[in-house]
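# What the coordinates show
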Amino acid sequence: MATAKRIKAWTGDRTVSHPVEEALKLVKANAKAKFDESIEIAVNLGVDPRHADQQVRGVVSLPSGTGRDVRVAVIAKEAKAAEATAAGADVVGAEDLVERIQGGFMDFDRVIATPDMMALVGRLGKVLGPRGLMPNPRVGTVTMNVGQAVKDAKGGAIEFRTEKTGIIHAGIGKASFTEEQLLINVKALVDALNKAKPSGAKGIYIKKISLSSTMGPGFKVDTASAGA
């Protein structure tokens, strides 16, 4: 009943494409839950991720941050472990942390590892892979510069990757953000997607964009207005 009531209260035209500023206004106006809803973007790309030359993956620093407290695990030892701890990592370890994760410990949102630990980290492929948490040099989560990687993760860096259907989903902030903060984040992500355009992509690359909040409706965005 509460759900039906909430849906009835939704405002705005969901059948047409809105300029990105207007879409953000509508998303914020409909984010009426009792908690600070996440604002999410879905980008439909003209790629087929089953082909190696059409996969889209990368990392982008959202200028306004994510509004989330990102829990970071770092697999490193000695000086690099100390560097990660100093940078604010939530959990740091080497063989001991790998064993904890194998045993079911999953209290983190991002995993960073030094290259010398990757033989160990390889054991976690079946656990971390399906959750999109496996450290990867392409997105800066396998690095000797663990201090910077931790700061980036805590400061608003997000990973993006195409799902099987060619769609990218990402959180771009919270309902409490200003429209300007959200707009800057949307444009930063779209810019990063444009830069990550794979060689095998043919035809229209960014086909559709929509914005929504956790409990609110989705609104279509005019792709050109978002920088596509």
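For the structure, check the block above.
Residues numbered from 1 in each chain as written. Predicted model: local features only at pLDDT ≥ 70, side-chain atom pairs only at ≥ 80, totals over all residues. Heavy atoms only, no water.

## A closer look at the pairing of strand E4 (residues 72-75)
A regular strand places its side chains on the two faces of the sheet in alternate fashion. Because side chains alternate across E4, one face comprises the buried residues Val72 and Val74, and the other comprises Ala73 and Ile75, equally buried. In terms of strand pairing, E4 meets strand E6 (residues 110-113) through four bridges, oriented parallel. Residue pairing across strands places isoleucine 75 opposite alanine 113, the latter belonging to E6. Where E4 meets strand E5 (residues 91-93), three bridges bridge the pair, whose relative direction is parallel. Paired with valine 74 across the two strands is valine 92, which belongs to E5. At this point the chain moves from E4, through helix H3 (residues 78-87), to the parallel E5, and the crossover so formed is right-handed. (Buried < 20%, exposed > 50% of the residue type's maximum accessible area, 1.4 Å probe, protein only. Helix = DSSP H or I, 4+ residues; strand = E, 2+ residues; numbered from the N terminus. Pairing = 2+ DSSP bridges. Right-handed = clockwise from strand over helix to strand, strands pointing away.)

## A look at the packing of helix H2 (residues 20-29) against helix H8 (residues 179-195)
In the contact formed by H2 and H8, the axes pass within 10 Å of each other and the chain directions differ by 125 degrees. Taken together, the axes of H2 and H8 lie oblique to each other. For the pair H2 and H8, the sense of crossing is right-handed. For the pair H2 and H8, contact is made by Val20, Glu21, Leu24, Lys25 and Lys28 and by Glu179, Leu182, Leu183 and Val186, respectively. The class makeup of the residues in the contact of H2 with H8 is five nonpolar, no polar and four charged. (Axes fitted to C-alpha atoms, helices over the stretch in contact; angles between N-to-C directions. Parallel < 35°, antiparallel > 145°, perpendicular 65-115°, else oblique. Left-handed = near helix turned anticlockwise from the far one by under 90°. Contact = heavy atoms within 4.5 Å. Nonpolar A, V, L, I, M, F, W, Y, C, P; charged D, E, K, R; others polar.)

## Overview of the nonpolar core
By size, the foremost hydrophobic cluster in this structure holds 37 residues, and its most contacted members are Ile41, Val186, Leu193 and Leu211. Ignoring any residue separated from it by four or fewer positions in sequence, one finds valine 186 in contact with Val20, Leu24, Ile41, Ile172, Leu211 and Ala226. Ranked by size, the runner-up nonpolar core spans 17 residues in total, among them Ala94, Ala113, Met117 and Leu128. (Core = buried A, V, L, I, M, F, W, Y, C linked by side-chain atoms within 4.5 Å.)

## Brief notes about the pattern of salt bridges
According to the stated counting rule, one finds 10 salt bridges in the structure shown. Between aspartate 107 and arginine 71 there is a salt bridge, with its nearest N and O atoms 2.3 Å apart. Taken as a pair, aspartate 107 in the loop between helix H4 (95-102) and E6 and arginine 71 in the loop between strand E3 (57-61) and E4 lie far apart in primary sequence, 36 residues in all. Given the relative accessible area of 29%, arginine 71 is considered partly exposed. Here glutamate 83 makes a salt bridge to lysine 80, at a shortest N to O gap of 2.8 Å. Of the two residues, glutamate 83 and lysine 80 are both situated in helix H3; the distance of three residues between them amounts to about one turn of the helix. (Salt bridge = Lys/Arg side-chain N within 4 Å of Asp/Glu carboxyl O.)

## Details of the environment of valine 127
Within the element layout of this structure, valine 127 appears in helix H6 (residues 125-128). It is 8.0 Å that separates the C-alpha atoms of valine 127 and isoleucine 101, two residues lying 26 residues apart in sequence. The residues contacting valine 127, other than those within four sequence positions of it, are Ile101 and Met106.

## Quick look at a negative patch on the surface
Negative charge collects at one region of the surface, where Glu21, Glu22, Glu179 and Glu180 lie side by side. Secondary structure elements with two or more residues in the negative patch: H2 and H8. (Patch = residues over 30% accessible without salt bridge, like charges linked within 9 Å, V, L, I, M, F, W, Y side chains within 5 Å. Areas by Shrake-Rupley, 256 points an atom, 1.4 Å probe, with all protein chains shown as cover. Lys, Arg positive; Asp, Glu negative; His and termini not counted. Charge placed at Lys NZ, Arg CZ, Asp CG, Glu CD.)

## Focus: the packing of H3 against helix H7 (residues 146-155)
Think of two packed helices as two axes; the pair is described by the angle between the axes and how far apart they sit. Two elements in contact, H3 and H7, have axes separated by 8 Å at closest approach and are oriented at 30 degrees. On the basis of their axis angle, the class for H3 and H7 is roughly parallel. In the crossing of H3 with H7, the sense of the turn from one axis to the other is right-handed. The segment H3 lies against H7, with Lys80, Glu83, Ala84 and Ala87 engaging Val146, Gly147, Val150 and Lys151.

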